[in-house]
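# Coordinates in review
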Number of protein chains: 2
Amino acid sequence: MLEPRIIEKLKQIIGADNTATERQDLLCYGYDATQMEFLPDVVVHPANADEVSQVLKLANAEKIPVFPRGAGSGFSGGALPKGGGIVLVTTRMNRIIRIDTDNLVAEVEPGVVTEQFQEAVEKLGLFYPPDPASLKFSTLGGNVAECAGGPRAVKYGVTKDFVMGLELVLPTGEIIRTGGETVKGVVGYDLTKLVCGSEGTLGVITRIIFKLLPYPDAKKTMLAVFDSIDGAATAVSTIIKGKIIPTTLEFMDHATIQCVDRRFNLGLPAEGRALLIIEVDGDRDLIEKQAGQIHDLIKPLGLVQFRVARDAAESEQLWKVRRLVSPSLRDVNPTKYNEDIVVPRSKVPDVIRRIEKIQQRYDIPIVNFGHAGDGNIHVNVMIDKEIPGMEEKAHEAIKEIFQAALDLGGTMSGEHGVGLSKAPYIPLELSPVQIATMKAIKGALDPNNILNPGKMFPE
Amino acid sequence: MLEPRIIEKLKQIIGADNTATERQDLLCYGYDATQMEFLPDVVVHPANADEVSQVLKLANAEKIPVFPRGAGSGFSGGALPKGGGIVLVTTRMNRIIRIDTDNLVAEVEPGVVTEQFQEAVEKLGLFYPPDPASLKFSTLGGNVAECAGGPRAVKYGVTKDFVMGLELVLPTGEIIRTGGETVKGVVGYDLTKLVCGSEGTLGVITRIIFKLLPYPDAKKTMLAVFDSIDGAATAVSTIIKGKIIPTTLEFMDHATIQCVDRRFNLGLPAEGRALLIIEVDGDRDLIEKQAGQIHDLIKPLGLVQFRVARDAAESEQLWKVRRLVSPSLRDVNPTKYNEDIVVPRSKVPDVIRRIEKIQQRYDIPIVNFGHAGDGNIHVNVMIDKEIPGMEEKAHEAIKEIFQAALDLGGTMSGEHGVGLSKAPYIPLELSPVQIATMKAIKGALDPNNILNPGKMFPE
């Protein structure tokens, strides 16, 4: 519980209307997309960097933890106020400041919703590629803090690859700019990229300068079903070696295909053991040619079905297969633990086989789909919390899944981050010296450990 | 001067053959591509991370500065042993460890020469795009430390965009791995990108994991001469807005054109005030189409000459114009100060006009060329040191050139870095809080300030 005088000071900084202490308000800012919940002491909605700065200076003076939060759509608890303190919500800072069509640069506030930004730039013929599944509600500030990915990362990269500069309120309350609006720039350390993916532990983002691209001329969607996981995985590297970098190379394993087809009856072939949704974009003539090339390249790899969308409506039909995955999963079990391991592209079949063994050993359904072009597999451990012991078993299984990814040269997380949920597993992936180095950087920027304490690193 | 017992210890670590203290050896490692020279106390050539680690541990114990060095081709003095100490040369660590054609990943030691690496991956049909002008002799470790760029950055990005992971010896001598070999990865802070461009102040790079691309199918080179700088600059943004991202968009101003044509008589039109060398790469049919589209797009912009290379020999002829710039410059004045400012792409004409005024005011020839697609202009201030006062005037002019770039939303350096030569100007670009933040990170990783002290930040 914070002393009333501190709440009073916060109200002076932010305004009483934008400072909430009622239980029903606090409840709304204590959860995210994980299964966890923690109650903050107070929720503030600052309007600008100056207000954020004042909150952080007060927090330092009074040693109160601060938890920055966008839309709260994160999968790792990065925004959760564990231990209580101040939740600092960025959603009032939601202006698109400018879109510069000459230099293909945009400047935004962190509270802008990802999809709204995409639509705004698309109206001007421009393109902001990162497309996390949460894009209809997640904020750009959250996307930067977590370094959000998405299906298009194969060709275009992740959020970090589009962040050119930031306005950042340091944990101490000082306001700095990082990076800039030039494509190149080597003056000083790259604080911009350091902050991307630092999960709100190194500063509060109050402005973002994004790089944009011209909107692609056209796109073409294909669906390819294979008689083995190896066929699908080989297809991925064969296409890329064939000098075609698709926009997306989305993967679904046998369990996922069965799940979707059982419920929605999409006519997927029974002998299909793995499926790819392939999309290419760019010049209209080129993508027609590439669709033919892709078919020729993957035909020998146990291809049992290949569909090419002739228009937007047919493309929508193919993507429907992918979009119906999440609703279908509920038929397996009510609760999903959604992990997002990554392995080198060629190791996808190996990791899937190891996960199949883990599934058999623990007798828990596991459904795998995701971004095969990046080797980024969403591993969904499906449990029923009503079944005694299943939750505990699931956590054991997840630990083994992480270890499998690491053994194959991968990482525990490609998109979701560490936050609270993966912090205990961090020593599996990072050495004591790596952790100490990162903590030293955190300590250098946040000497009082005010900002998002207890996140990312094990306590 | 180091005590003999320290030299002895170094010889025990590195071997006597790889530890040099003779004046003629020291001289060879005291210069770089700047005009500066400093004599080290000793030069060591370690063979691996373990030897580097032992050198750094000794340096910490004895408080001796260490200056990592690749080929010494840097333009900002980043490798120079100002104040004396140990120069640590990475060129013995020159193995290409592996090239993984399935995952498009390579692992190398830092001493590999850039061009040799490019040739090795090209033999396997792969592509490592970064192409600093120094690529025939610069090392990959130096490229990463300085975040080297090059003409192809327009389409492909700079060195940083290809670095996936590092083995790094921290200033304290501890060895860590950063990043990995997966395209995505969000576990912990991005130490990899922090080290890229940190100019050897945060660690010694002993391994690099690079991302590769498939080698492009074909390329097409064009030369376009315009009757104004505005025409050339508008051409750059018009092409990109036309949904074509060329591989290179190289720019030469009027003074540069005159310089080259006077000496080599290449038949450039007299009314040409600015020139672009445009190259596109990719699918063979597509680039043919793009060459036509580019011509249509830029024709209304005061185009006075447009040549398209029909084959590799003709392409070579067009590139010759660009390659003859450096040899031609010597006709202007014997010494060049080569700066590499960056401005947002659309501000190139503004910055060139401001530089023209600076040139008139100081009466020093200034020749501008560079990477217009990135807004990265190489500003060559041509002086004759024999003329009294010219050197001092040049430094004043350079300061004004930096200020012009900063006023237009740019940066002092896109490729060359800060090192020693730009450290005094850092406060023009970075605020005291930015500098303090970067120094805090340096202090966290290098508590004894052993590694490259006095670089990047003003003392």
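Please read all numbers here as calculations on a predicted model, not as lab measurements.

## Remarks on the interface of chain B and chain A
Contact residues are listed per partner, giving 80 residues for chain B and 79 residues for chain A. A buried area of about 6,300 Å², summed over both sides, lies between chain B and chain A, and 65% of it is on carbon and sulfur atoms. Scanning the region where chain B abuts chain A turns up 12 salt bridges. Taking the shortest distance from any N to any O, the salt bridge between D102 of chain A and K241 of chain B comes out at 3.1 Å. If you look at where chain B meets chain A, you find 28 residue pairs in polar contact (both at pLDDT 80 or more). For the side of chain B that touches chain A, the elements supplying multiple residues, two or more each, are strand 9 (175–179), helix 7 (191–195), strand 11 (213–214), helix 8 (229–241), helix 10 (284–298), helix 15 (426–429) and helix 16 (432–445) of chain B. For the side of chain B that touches chain A, the leading source of residues is helix 16 of chain B, giving nine residues.

## Topic: the UniProt feature "domain: FAD-binding PCMH-type" (unreviewed entry) in chain A
UniProt feature "domain: FAD-binding PCMH-type" (unreviewed entry): in the numbering of this structure it lies at residues 36–215 of chain A. A helix fraction of 22% and a strand fraction of 24% characterise residues 36–215 of chain A, whose end C-alpha atoms lie 39 Å from each other.

## Description of the side chain of D32 of chain B
Residues and elements named next belong to chain B. Examined against the element boundaries, D32 turns out to sit in the loop between helix 2 (23–28) and strand 2 (42–44). Buried charge without a partner: D32 forms no salt bridge, and the closest opposite charge is R69, 6.3 Å away. A polar contact is formed between the side chain of D32 and the side chain of T34, at a distance of 2.5 Å. A polar contact is formed between the side chain of D32 and the backbone nitrogen of G77, at a distance of 3.0 Å.

## Concerning the relation of the copies chain B and chain A
Mapping chain B onto chain A calls for a rotation angle of 180° and an axial translation of 0.0 Å; the resulting RMSD is 0.0 Å. The transformation relating the two chain copies, once decomposed into turn and shift, fits a two-fold axis. Both copies share a contact surface, since 99% of the interface residues of chain B are interface residues in chain A too.

## Some remarks on the nonpolar core
Soluble globular proteins: nonpolar side chains tend toward being buried together. Ranked by internal contacts, the top residues of the largest apolar core, which has 186 residues, are F117, F210 and V381 of chain A together with F117, F210 and V381 of chain B. With sequence-adjacent residues up to four places away left out, F117 of chain B is seen in contact with I96, A106, V108, V112, Y128, L140, F210 and L212 of chain B.

## Some words on the pairing of strand 3 (residues 66–69) of chain B
Residue and element names in this part refer to chain B. Alternating positions in strand 3 separate into two faces, V66 and P68 on one and F67 and R69 on the other, with burial throughout. Here strand 3 runs beside strand 4 (residues 86–89); their pairing, made up of four bridges, is parallel. If you follow F67 over to strand 4, its bridge partner there is V87.

## Concerning the environment of Q118 of chain A
Residues and elements named next belong to chain A. Tracing the chain through its elements places Q118 in helix 4 (residues 114–122). Between the C-alpha atom of Q118 and that of L212, which follows or precedes it by 94 residues, the distance is 10.0 Å. Those residues in contact with Q118, other than ones at most four positions away along the chain, are Y128, P129, P130, D131, L135 and R152.

## Some points on the pairing of strand 14 (residues 274–282) of chain B
Residue and element names in this part refer to chain B. Counted residue by residue, strand 14 has nine buried out of nine residues, so it is predominantly covered. Here strand 14 shows a buried face lined by A274, L276, I278, V280 and G282 and a second buried face lined by L275, I277, E279 and D281. Sheet topology places strand 12 (residues 218–226) next to strand 14; nine bridges connect them, and they run antiparallel. The residue bridging T221 from the neighbouring strand is E279, located in strand 14.

Calculation rules
- Residue numbering note: each chain is counted from 1, following its sequence as written.
- Chains and ligands are labelled sequentially in the order written, the chains with letters from A and the ligands with numbers from 1.
- Only residues with pLDDT of 70 or above have their local features reported here, since the model is predicted, and side-chain atom pairs are shown and tallied only from 80 upward, although totals for entire chains, interfaces and linings are computed over all residues.
- Only hydrogens and water are set aside; all other atoms, that is, all heavy atoms of the structure, feed into the side-chain values.
- Contacts are residue-level and defined by heavy atoms, with any inter-residue pair within 4.5 Å sufficient.
- A quick way to say it: buried area is the sum, across both parts, of accessible area lost when two parts are put together, with a 1.4 Å probe.
- We count a salt bridge whenever a side-chain nitrogen from Lys or Arg sits within 4 Å of a carboxyl oxygen from Asp or Glu.
- Within 3.5 Å is the distance limit for a polar contact, defined as a pair of N or O atoms, with the added protein rule that one can donate a hydrogen and the other accept it, and that residues adjacent in sequence qualify only through two side-chain atoms.
- Helix and strand assignments come from DSSP, with helices taken as H or I runs of at least 4 residues and strands as E runs of at least 2, each series counted from the N terminus.
- UniProt positions are given in the numbering used here, feature names are shortened, and annotations may be inferred rather than shown by experiment.
- The rule is simple: take the accessible area with a 1.4 Å probe, protein chains only, and divide by the maximum for that residue type; under 20% is buried, over 50% is exposed, in between is partly exposed.
- The convention is simple: Lys and Arg are positive, Asp and Glu are negative, and His and the chain ends are not counted.
- A least-squares superposition brings the copies together, and it is based on the C-alpha atoms of residues with pLDDT no lower than 70 in both.
- Here, nonpolar core means buried Ala, Val, Leu, Ile, Met, Phe, Trp, Tyr and Cys residues that are tied together by side-chain atoms lying within 4.5 Å of each other.
- Here the rule is simple: two strands pair whenever DSSP picks up at least two bridges between them.

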